[in-house]
Amino acid sequence: MSSQDRPLGVTPPISTSLPTDAEHAVNESLLEELKRQNTFESPAETAKREKVLEQLQLICNEFVRRVAREREAGSEALIKEARGRIFTYGSFRLGVYGPGSDIDALVVAPKYVTRDDYFKLFPGLLQEIPPTGAITDLAVVSDAFVPIIKFDFLGISIDLIFSRIASLKQLPKDKDWNLKDSNILRGLDEAELRSLNGTRVTDEIISLVPEPSTFRLALRAIKLWAQRRAVYANIMGFPGGVAWAMLVARVCQLYPKATSSVVVNKFFHIMRRWPWPQPVLLKAVESGPLQVRVWNPKLYKGDQFHLMPIITPAYPSMCATYNITKSAMTVIQRELQRGCEITDSVMMSKQPWSDLFVKHAFFTSDYKHYISVITTSTTKEAHKIWSGYVESKVRVLVQGLEQHPSIALAHAFNKGYDRRHKCSSEQEINQVQEGSLDYLLKAGDSSAGDPAEGNKSPRRPADGEHPEITPEATETIVFTTTHYIGLELVEGAKSLDLSYQVDSFKQLCGQWEKFNSNLNYLSVQHVRNVKLPDDVFEPCETRPQKKSATNGSLQKKKRGASEVDMHPPAKRQQSSVTAAG
């Protein structure tokens, strides 16, 4: 039975009707709009990706052979046949990548190859085997939740993770060999299980949709919509790429004969009315050979608190949306309602598809009040670590803000803004730490030297030291990343004290074991919409304007900005946001 004929999903289809001529026409217009939006890559660029993956496979084989020579020195036959495998996952494996997309890839090796071997040998092989200059921006992150090597290969961004197969001393030659058999998970640690999960989930999603080409075009549309509307970022409490893919796949199961355009329209209607927290499942949750946790709200109390559970189809099933916040759920539902209205009109030829993909209004008109979370560091290396950690905790601040009785919504924007500042004194550094943009370096500014190298002090500060500012080298490059949270206040709210929420958040971040008070700083500020910096707006966008003052209102005393320092004075300053006006 073909994938088009076999029943898919945990419930029967809603409709198996064939598309009408009108629906085919709307589908063609969707395809044309996605092309206009530059979501498809050229054949030459795709061929370049395939070439990069071929070279990665060669490097992978050499990596396994080198470990085999050391660990299996007496077995010439095993060494001769030693090989690894490169698997992809994410958007590339789903077939929905576009210009500039990265490639998520997985190195799979036999049982005698360890993760330590991977981080010891693979970075060197990346520099040794490809042509000179092919590999750039190489970064090894061995202590991440999913340990990873990041690099650019011929200009294509690669995220490369690792797992061994503990039950195999030799990987099969068969090119069709895959990771679907759950028995290959035996004997693996948690990091290896997480590494294998990406490819296993992606393969399951593709196998569970009735028509992959219909699914891919619909998913391209939903991804573009989610990115344009800023509801695409797992780390900030929104669904990530895999979660949106599973939602689209579920709608494909319910309308197995529909065109992509109909799937997109039905997607908005079904997901807008979905009875959360009922989970979205592509198939029944399976048991397996391991003593590992599988998503089960009846068994695990923590699973009961997932607001919008979308469950991965590969064993062991997990919730891909465990970190969605109450505010994010509200924002998503508003956007789904907007999508319903627009796509209904599109299906009736009353609106163009381009209206669906109009950019969000997060900064231009959505909110009057914002909280800015500013991470600061005085070396590039320290900032990458510090800003990444704080980013992963912003949703904790959002959850704290949601508990405030005067806050109706705390909407975290889905990405941070990286900035560089050139400071000539400790006083200027302190001002930047508190949110000043007076010393901001514009993009492409060459006055600070190579931005990739950071500060040009005579001696780079070691851990625990302040950056040197001397008469010979009076300039320090300060790195900041700012995340914005839009606040929607309850009706009648005039002002609110956020000192408890902000203090708790800063205390959480300051207690991190890798926090270094000599290199890192965290500031939380209140920003009115009329005071937002220029770089959050596109050139064609209209900034919020301050209302004309009447009846002497300009003479009214302003409340202080919301702020809590990492090292507060003995008498704690109150963090407050004034909502009046």
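An unreviewed UniProt entry lists the chain under the name Poly(A) polymerase, with Sodiomyces alkalinus given as the organism. What UniProt states about the chain under its Sequence similarities (unreviewed entry) heading is, verbatim, "Belongs to the poly(A) polymerase family."

Trainee: So what exactly am I meant to see when it comes to the pairing of strand β2 (residues 103–109) here?
Mentor: Regular strands have side chains that alternate between both faces of the sheet. Counted residue by residue, β2 has 7 buried out of 7 residues, so it is predominantly covered. Here β2 shows two buried faces, one formed by Ile103, Ala105, Val107 and Ala109 and the other by Asp104, Leu106 and Val108. Across 7 bridges, the pairing between β2 and strand β5 (residues 156–164) is parallel. Bridge pairing in β5 links Leu106 to Ile161.

Trainee: Mind showing me how you'd approach the UniProt feature "binding site: ATP" (unreviewed entry) in the chain here?
Mentor: Residues given the UniProt feature "binding site: ATP" (unreviewed entry) here are Asp102, Ile103, Asp104, Asp159, Lys223, Tyr232, Gly241 and Val242. Positionally, Asp102 belongs in the loop between α4 (90–94) and β2. Sequence-distant contacts of Asp102, defined by excluding residues within four places in its chain, comprise Arg49, Ser91, Ser157 and Asp159. Turning to its location among the elements, Asp159 is positioned in strand β5. The buried category is assigned to Asp159, whose relative accessible area is 11%. What Asp159 contacts, discounting residues up to four positions off in sequence, is Tyr89, Asp102, Ile103, Asp104, Ala105, Ile148, Ile149 and Lys150.

Trainee: Whenever I open this one, the nonpolar core confuses me. Can you help?
Mentor: As a rule of thumb, nonpolar side chains are buried together in soluble globular proteins. The biggest cluster of nonpolar side chains holds 99 residues, and the ones touching the most others in it are Phe215, Trp225, Phe267, Phe363 and Ile485. Among the elements that take part in this core, helix α8 (residues 241–254) stands out by supplying 10 residues, more than any other. The residues touching Trp225, leaving out its near neighbours within four places in the chain, are Val231, Trp244, Phe267, Phe268, Glu335, Leu336, Arg338, Leu356 and Phe357. Counting 35 residues, the second-largest nonpolar core is a separate cluster that includes Phe63, Val64, Ile156 and Ile158.

Trainee: I'm lost on the UniProt feature "binding site: Mg(2+) 1" (unreviewed entry) in the chain in this one. Help?
Mentor: The feature "binding site: Mg(2+) 1" (unreviewed entry), as given by UniProt, occupies Asp102 and Asp104 in the numbering adopted here. We classify Asp102 as partly exposed; its relative accessible area is 26%. Looking at the secondary structure, you find Asp104 in strand β2. Classification of Asp104 by relative accessible area gives buried; the value is 15%.

Trainee: Sorry if this is basic, but what is going on with the side chain of Thr480 here?
Mentor: Counting through the fold element by element, Thr480 comes out in strand β10 (residues 476–489). The class for Thr480 is buried, based on a relative accessible area of 3%. A polar atom in the side chain of Thr480 sits 2.8 Å from the side chain of His421. With residues near it in sequence (within four places) discarded, Thr480 still touches Ile374, Thr375, Thr376, His383, Tyr417, Asp418, Arg419, His421 and Val432.

Trainee: Could you clarify how one ought to interpret the pattern of salt bridges in this entry?
Mentor: A side chain with one charge can pair with a side chain of the opposite charge if their charged atoms come near. This structure, assessed with the given rule, holds 27 salt bridges. The shortest N-O distance in the salt bridge between Arg71 and Asp117 comes to 2.7 Å. With Arg71 in helix α2 (residues 43–71) and Asp117 in helix α5 (residues 115–128), this pair connects stretches of sequence that are 46 residues apart. Between Asp159 and Lys150 there is a salt bridge, with its nearest N and O atoms 3.5 Å apart. Accessibility expressed as a relative area gives 32% for Lys150, which makes it partly exposed. One connected set of salt bridges, linked through shared partners, spans Glu62, Arg65, Arg66, Arg69 and Glu128.

Trainee: How do you make sense of helix α9 (residues 260–272) when you look at a structure like this?
Mentor: Helical geometry note: an α-helix holds 3.6 residues per turn, so side chains three or four residues apart project in the same direction. The terminal C-alpha atoms of α9, which comprises 13 residues, lie 18 Å apart, in line with the 18 Å expected from a rise of 1.5 Å per residue. For α9, a buried count of 11 out of 13 residues is recorded, marking the element as mostly surrounded by other parts of the structure. Looking at α9, one finds that the buried residues are Ser260, Ser261, Val262, Val263, Val264, Asn265, Phe267, Phe268, His269, Ile270 and Met271. The secondary structure elements touched by the buried residues of α9 are α1 (21–36), α7 (212–228), α8 and α10 (326–347).

Rules and cut-offs
- Residues numbered from 1 in each chain as written.
- Predicted model: local features only at pLDDT ≥ 70, side-chain atom pairs only at ≥ 80, totals over all residues.
- Heavy atoms only, no water.
- UniProt positions renumbered as here; feature names shortened; annotations may be inferred.
- Buried < 20%, exposed > 50% of the residue type's maximum accessible area, 1.4 Å probe, protein only.
- Helix = DSSP H or I, 4+ residues; strand = E, 2+ residues; numbered from the N terminus.
- Pairing = 2+ DSSP bridges.
- Contact = heavy atoms within 4.5 Å.
- Core = buried A, V, L, I, M, F, W, Y, C linked by side-chain atoms within 4.5 Å.
- Polar contact = N/O pair within 3.5 Å; in protein donor to acceptor, adjacent residues only side chain to side chain.
- Salt bridge = Lys/Arg side-chain N within 4 Å of Asp/Glu carboxyl O.
- Expected span 1.5 Å × (residues − 1).

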